[in-house]
Amino acid sequence: MSRRSVVGAVVLAAVIGTGAGCGGTSRSETVTSERGPLPGGGEHVHYRTLPDAIPIVRGDLRIGAVEGDPNLTFGDVRVIDAGADGTIYVLDYIAREIRAFGPDGTWLRTVARGGEGPGEITRANGLVLIGDSLLWVQDHGSWNNLALSLDGTEVARVPMHVRAYGYMWEGAIDEAGRIWKESYQTDQEPGTRPEDGLHEVAARVHLVSFDPGTEARDSVFVGAFVGRTHVASFGSSTRYLQIPFEPRQHVVVDPGGSFWIVAGARYEIVRLDAAGDTTLIITADVPPPPVTDADRERFIEQLGGSSPAGLRGAEEALAVAPEVRPAIAGLAVDDLSRLWVRRSGDAEQPQRRYDVFDRNGAFVMSVLLDFPTSEYLPIRVRHGQLYALSLDELEVPYIVRAPVPSAGDG
């Protein structure tokens, strides 16, 4: 929806002060927005300006080590969550463990370990802490979702209602206790191998819910998108490579009963209600950042450096890549139902800025993290604290906690 479609727009101005207390500058920034109705119902909020001088959020706790205590070294962290008492829960995919750490970073216990018995996990790739009493864990190795008490006792076990595997489960549990997971449908014949070269694949996306108590299922259509993949054969193997720097669809569930969607290169977020109808669109005059030479070199190093054939495939994919990155790199919803919008960065300036909006699209604040975070693992914001996976210059993973400033604070 373009800005021209907003009827009867009202210009709103809010002065957001930033001070040295959180590492920002002392000058103020004006946020201007237009709010008006959408033709089919709902509202469109367009931000002409968002602040440039914003608070810097600094980590106050770091958990991790290069070597030594195995409880403090991480292999492949897939999820971080935290309770009201400050206990931090970390799921390590490689170690097949869920570990609990105290507010001071001390290892407290291992909640779950690898295995096939009650309370044990095989290839878990996601968890959500519910009500400070249950850890709902997705274990795609057993195709189950497990509910564990905080000491690791298995309370419930239900089948995964969408049998699909992704790097990370970004599902959610809503306020009604339903488990949500994305489902993708395409017209591509399963098991078929496409020819080498560039391919477009259209997909329809639904969010599917499952009620563990009643076993009722439901689904909401949240949109369709087209993705491009480069296929290259190397001897007897085939590599499927997504075109770099293209827009990716981001979908997050607000436990209160709505969904946030980003699907293009523009700074545009759509909120859908429980029926899949558009109720709000947030847009902003934030241009997509250009793809830099450093971005291209990093892509080649990461995906093409293993062999001449790998280099050829990476170069062919890069040749059809866009000249700009998407304006938005990711979404997260905190425990106050506020939307955290992660802006795109580049190889030299990582993705560290977040714009925060309330459920109705009103601007709350923007923050800048002073530590690098994982490109793939979303942040978790719980009880006034932000939790993230950070990699140092040697790619050693650490868990970082940082206090979140109050809206308007410096």
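Structure: see above.
Remember, it's a predicted structure, so these values are computed and weren't measured experimentally. Residue numbering note: each chain is counted from 1, following its sequence as written. With the structure being a predicted model, the display of local features is reserved for residues of pLDDT at least 70 and the display and counting of side-chain atom pairs for 80 or more, all residues being used for whole-chain, interface and lining totals. Only hydrogens and water are removed before side-chain values are computed, so all heavy atoms of the structure are retained for them.

**Here's the deal with the side chain of Thr110**
Alright, step 1. Position of Thr110 among the secondary structure elements: in strand S9 (residues 107-112).
Alright, step 2. By definition in these notes, contact holds between two residues if any of their heavy atoms fall within 4.5 Å. For Thr110, the contacting residues outside a window of four places in its chain are Asn71, Glu97, Ile98 and Arg99. Note on conventions: DSSP H or I runs of at least 4 residues are helices, E runs of at least 2 residues are strands, and numbering of each starts at the N terminus.

**What about the packing of aromatic side chains?**
The geometry of an aromatic ring pair comes down to the distance between the two centres and the angle between the two planes.
Alright, step 1. In summary, the pairing rule links any two rings of Phe, Tyr or Trp, Trp by its six-membered ring, whose centres are within 6.5 Å, and it sorts them by plane angle into stacked for under 30 degrees, edge-to-face for over 60 and tilted for everything else. Evaluated as defined, the whole model comprises eight aromatic pairs.
Alright, step 2. Plain terms: the ring middles of Tyr47 and Phe357 are 5.4 Å apart, the flat faces sit at 50° to each other, and that makes the pair tilted. With Tyr47 in strand S3 (residues 43-49) and Phe357 in strand S25 (residues 353-357), this pair connects stretches of sequence that are 310 residues apart.
Alright, step 3. We classify Phe357 as buried; its relative accessible area is 0%.
Alright, step 4. Each member of the aromatic cluster is reached from another via a ring pair, and the members are Tyr47, Phe357 and Phe363.
Alright, step 5. Arg62 extends its terminal NZ or CZ atom over the ring of Tyr398, reaching a point 3.8 Å from the ring centre.
Alright, step 6. A ring has a charge above it when a Lys NZ or an Arg CZ is no more than 6 Å from the ring centre and no more than 35 degrees off the ring normal. Arg78 extends its terminal NZ or CZ atom over the ring of Tyr93, reaching a point 3.9 Å from the ring centre. Whether a residue is buried, partly exposed or exposed follows from its accessible area with a 1.4 Å probe, protein chains only, as a fraction of its type maximum: under 20%, in between, or over 50%, in that order.

**Overview of the sheet that holds strand S6 (residues 77-82)**
Alright, step 1. Any two strands with at least two DSSP-identified bridges between them are counted as paired. Reading across from one edge, S6-S7-S8-S9 is the order of the four strands in this open sheet, with antiparallel pairing throughout. Of all the strands in the sheet, the pair left with one neighbour each is S6 and S9. Averaged over neighbouring strand pairs, the angle between their axes works out to 20° when direction is ignored.
Alright, step 2. In this sheet, strand S7 (residues 88-92) lies alongside S6 in antiparallel orientation, the contact comprising five bridges. When the bridges of S7 are listed, Val77 appears paired with Asp92. Helix axes use the C-alpha atoms of the stretch in contact, all axes being lines fitted to C-alpha atoms, and the angles between their N-to-C directions lie in the range 0 to 180 degrees.

**So, the pattern of salt bridges**
Alright, step 1. Any carboxyl oxygen of Asp or Glu within 4 Å of a side-chain nitrogen of Lys or Arg constitutes a salt bridge here. Going through the model one piece at a time under the given rule, you end up with 23 salt bridges.
Alright, step 2. Ionic pairing is found between Glu268 and Arg266, a salt bridge with its closest N-O pair at 2.7 Å.
Alright, step 3. The partly exposed category is assigned to Arg266, whose relative accessible area is 45%.
Alright, step 4. Between Glu323 and Arg296 there is a salt bridge; the shortest N-O distance is 3.0 Å. One end of the pair, Glu323, is in the loop between helix H2 (308-319) and strand S23 (328-333); the other, Arg296, is in helix H1 (residues 293-304), and 27 residues separate them in sequence.
Alright, step 5. Owing to a relative accessible area of 23%, Arg296 belongs among the partly exposed residues under this scheme.
Alright, step 6. Each of Asp92, Glu97, Arg99 and Arg113 takes part in a single network of salt bridges with overlapping partners.

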